[in-house]
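Structure at a glance
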Amino acid sequence: LKLSAVRDWAVSIMILTDEVAKLFSGLQKALRDAEADIKDLAHSQQTKLEKALSEADQRKDDAERQREKIEAASAEAKRAHQAQLDVEEKLEQQVEKFNKKRDQNRKLMEHIRELEA
């Protein structure tokens, strides 16, 4: 009777040991699967991050080029404005010279008429 009980107990222990081994095996597989999923997710997130950083760098470069274009256009506009001011000043000087010459011409014409009279 005791031998039978010990044998049953030994069989129960072996069955229990086998079930625990299967449980640990299942847990190890679940951990490996979870680790693989985490690695895949990390790789995916790293790829997204690298893409986002690359796009941010591209946008920064584009913004810098636009800023340079704007600065160049602003400098060109300043030069054009200064050139316009210079032309207007020269035109004003020419108008003054013209008016002086016209006044001189009018005075000469009056003097000629006085001499002819």
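Keep in mind the model is a prediction, meaning the values are calculated, not measured. (Residues numbered from 1 in each chain as written. Predicted model: local features only at pLDDT ≥ 70, side-chain atom pairs only at ≥ 80, totals over all residues. Heavy atoms only, no water.)

What to know about the overall build of the protein
Regarding its fold elements, the protein presents 1 helix and 0 strands. For 117 residues, the compact-globule estimate of 2.2 N^0.38 gives 13 Å, and the C-alpha radius of gyration of the protein, at 50 Å, exceeds that figure by more than 25%. Out of the 117 residues belonging to the protein, those deemed buried represent 0%. For the protein, the exposed area adds up to about 11100 Å²; of that, 60% sits on carbon and sulfur atoms. Averaged over its 23 positive side-chain charges, the protein has a centre that lies 1 Å from the centre of its 25 negative ones. (Helix = DSSP H or I, 4+ residues; strand = E, 2+ residues; numbered from the N terminus. Rg over C-alpha atoms; globule rule 2.2 N^0.38 Å. Buried < 20%, exposed > 50% of the residue type's maximum accessible area, 1.4 Å probe, protein only. Areas by Shrake-Rupley, 256 points an atom, 1.4 Å probe, with all protein chains shown as cover. Lys, Arg positive; Asp, Glu negative; His and termini not counted. Charge placed at Lys NZ, Arg CZ, Asp CG, Glu CD.)

Side note on a negative patch on the surface
Together, Asp86, Glu88, Glu89, Glu92 and Glu96 make up a negatively charged patch on the protein surface. Relative to the elements of secondary structure, Asp86 occurs in helix α1 (residues 2-116). (Patch = residues over 30% accessible without salt bridge, like charges linked within 9 Å, V, L, I, M, F, W, Y side chains within 5 Å. Salt bridge = Lys/Arg side-chain N within 4 Å of Asp/Glu carboxyl O.)

Here's the deal with a nonpolar patch on the surface
On the surface, a cluster of nonpolar side chains totalling about 700 Å² of accessible area is made up of Trp9, Ile13, Leu16, Val20, Leu23, Phe24 and Leu27. Relative accessible area serves as the criterion here: at 53%, Leu23 is assigned to the exposed category.

Thoughts on the pattern of salt bridges
Enumeration according to the criterion identifies 9 salt bridges in this entry. Glu64 is the partner of Arg67 in a salt bridge, and the nearest nitrogen-oxygen pair spans 2.3 Å. With Arg67 and Glu64 both in helix α1, this residue pair falls 3 residues apart, about one helical turn. Note on Glu64: relative accessible area 32%, which makes it partly exposed. Across the salt bridge formed by Arg67 and Glu71, the nearest N and O atoms sit 2.3 Å from each other. Taken together, the residues span about one helical turn, with Arg67 and Glu71 both in helix α1 at a distance of 4 residues. Take Arg67: its relative accessible area is 38%, and that puts it in the partly exposed class. Here the salt bridges share partners, and the residues they tie into one network are Glu64, Arg67 and Glu71.

Considering the environment of Ile70
Locating Ile70 in the fold gives a position in helix α1. Overall, the relative accessible area of 58% leaves Ile70 in the exposed class. Measuring from C-alpha to C-alpha, the distance between Ile70 and Thr17 comes to 78 Å, with 53 residues separating the pair along the chain.

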